[in-house]
Amino acid sequence: MEDLKFSSLRNDVQEIIDLIGHKQFEEAHIKLFAASDFLDELIDLSEADEDLIEISKYQVLLNQLQVKINAALQN
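Here is what the cut-offs are and how they apply
Residues numbered from 1 in each chain as written. Predicted model: local features only at pLDDT ≥ 70, side-chain atom pairs only at ≥ 80, totals over all residues. Heavy atoms only, no water. Axes fitted to C-alpha atoms, helices over the stretch in contact; angles between N-to-C directions. Helix = DSSP H or I, 4+ residues; strand = E, 2+ residues; numbered from the N terminus. Parallel < 35°, antiparallel > 145°, perpendicular 65-115°, else oblique. Left-handed = near helix turned anticlockwise from the far one by under 90°. Contact = heavy atoms within 4.5 Å. Nonpolar A, V, L, I, M, F, W, Y, C, P; charged D, E, K, R; others polar. Salt bridge = Lys/Arg side-chain N within 4 Å of Asp/Glu carboxyl O.

### Side note on the packing of helix H1 (residues 3-21) against helix H3 (residues 49-74)
Then, in step 1: As a packed pair, H1 and H3 sit with axes 11 Å apart at the nearest point and diverge in direction by 15 degrees. Viewed along their axes, H1 and H3 adopt a mutual orientation that is roughly parallel. Read as a crossing pair, H1 and H3 show a hand that is left-handed. Between H1, through Phe 6, Leu 9, Arg 10, Val 13, Ile 16, Ile 17 and Ile 20, and H3, the contact on the second element is made entirely by Asp 51, Glu 54, Ile 55, Tyr 58, Leu 61, Leu 62, Leu 65, Lys 68 and Ile 69.
Then, in step 2: Grouping the amino acids of the contact of H1 with H3 by side-chain chemistry returns twelve nonpolar, no polar and four charged.

### A short note on the pattern of salt bridges
Then, in step 1: Under the defined criterion, the tally for this structure stands at three salt bridges.
Then, in step 2: Two residues, Lys 31 and Glu 15, come together in a salt bridge whose shortest N-O distance is 3.4 Å. On the criterion of sequence distance, the pair formed by Lys 31 in helix H2 (residues 25-45) and Glu 15 in helix H1 is long-range, its members being 16 residues apart.

Put into structure tokens, the structure is as follows:
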């Protein structure tokens, strides 16, 4: 898999983190949803074990960010 795809995902995750830092939780939630969709596409297209390992790292990170966003939106 191209590093470009992971680079794009890395940029999206950083943007989500920045939005959380600026307390723009609704926008972060929307961006997280889009990043999760992209991650699902990567899972469907991936065949190499190295790619699946990298994808799983992003899955964990996105899940943690989702928990953080949900907690902030409930307050």
